[in-house]
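# Remarks on the overall topology
So the chains spell out like this:
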Amino acid sequence: MKSFLNRYSIAILTTFMFYTSFMLGQEEGNLTIESSESIKNIIAKKKAHNKNTAKVAGYRIQIFFGSEQGAYKAREEFKTLFPDTFLKIENFPPDWKVRVGNYKTRLEADRALMEIQESFTGAIVLEELIDVIREE
């Protein structure tokens, strides 16, 4: 049993010494990344495309679904309560939808929903393409 422990101890000590010398031998250096012109061109095209993109995946809150008169009534009520929030009315015959907001994340939409549901109890969050706000 004693010889087994000695062999085991020698193996652990040898391994420890090997890794210690290996780690101490490492030096810090510089890393240079070279990319081809084709990759740079692809990145430039992607940036140009993103500048021209007007819609992205996001969320809106639907506050009304029903008749045309009801849609316009909901729109006016919403504008008085939330004058700075984006609003749109859509006609899907025979029904009309009133959707509000341009929310990038579900969390943003859910936070706004809690406030909107105080006045529009049937409001729900829907995934939709939203307008990108450009700051130039």
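Small disclaimer: the values here were computed from a predicted structure and weren't measured. (Residues numbered from 1 in each chain as written. Predicted model: local features only at pLDDT ≥ 70, side-chain atom pairs only at ≥ 80, totals over all residues. Heavy atoms only, no water.)

## Some points on the pairing of strand S1 (residues 55-66)
Examined bridge by bridge, S1 and strand S4 (residues 124-131) share 8 bridges and lie antiparallel to one another. Bridge pairing in S4 places Tyr 59 opposite Glu 127. Here S1 pairs with strand S3 (residues 95-103) via 6 bridges, running antiparallel. Each bridged residue has a counterpart across the sheet, and for Gly 66 the counterpart in S3 is Trp 96. (Pairing = 2+ DSSP bridges. Helix = DSSP H or I, 4+ residues; strand = E, 2+ residues; numbered from the N terminus.)

## Things to note about the sheet that holds S1
Taken together, the 4 strands give an open sheet; going across it, the order is S2-S3-S1-S4, and neighbouring strands pair in antiparallel fashion. This sheet does not close on itself; its edge strands, each paired only once, are strand S2 (87-92) and S4. Going across the sheet, the axis of each strand differs from the next one's by a mean of 40°, ignoring polarity. Lying on the sheet, helix H4 (residues 106-116) is in contact with S1, S3 and S4; it crosses S1 at an angle near 20°. (Axes fitted to C-alpha atoms, helices over the stretch in contact; angles between N-to-C directions. Contact = heavy atoms within 4.5 Å.)

## A look at the pattern of salt bridges
Evaluated as defined, the whole model comprises 8 salt bridges. Across the pair Glu 128 and Arg 99 runs a salt bridge whose closest N-O atoms are separated by 2.6 Å. Of this pair, Glu 128 sits in strand S4 while Arg 99 sits in strand S3, and the two are 29 residues apart along the sequence. For Arg 99, a relative accessible area of 10% puts it in the buried group. A salt bridge links Arg 106 to Asp 110, with the shortest nitrogen-to-oxygen separation between them at 3.2 Å. In this pair, Arg 106 and Asp 110 both sit in helix H4, 4 residues apart, roughly one turn of the helix. In this structure Asp 110 comes out as partly exposed when scored by relative accessible area, which is 28%. Counted as one network, the salt bridges with shared partners bring together Arg 60, Lys 88, Glu 90, Arg 99 and Glu 128. (Salt bridge = Lys/Arg side-chain N within 4 Å of Asp/Glu carboxyl O. Buried < 20%, exposed > 50% of the residue type's maximum accessible area, 1.4 Å probe, protein only.)

## Re the packing of aromatic side chains
A complete count under the given rule lists 3 aromatic pairs for this structure. Taking 5.9 Å as the distance between ring centres and 50° as the angle between the ring planes, the aromatic pair formed by Phe 78 and Phe 120 counts as tilted. On the criterion of sequence distance, the pair formed by Phe 78 in helix H3 (residues 68-81) and Phe 120 in the loop between H4 and S4 is long-range, its members being 42 residues apart. Judged by its relative accessible area of 6%, Phe 120 falls in the buried class. Taken together through their ring pairs, the aromatic side chains of Phe 78, Phe 82 and Phe 120 make up a single cluster. It is Lys 97 that lies over the ring of Phe 92; its NZ or CZ is 4.4 Å from the centre. (Phe/Tyr/Trp six-rings, centres within 6.5 Å; stacked < 30°, edge-to-face > 60°. Lys NZ or Arg CZ within 6 Å of the ring centre and 35° of its normal.)

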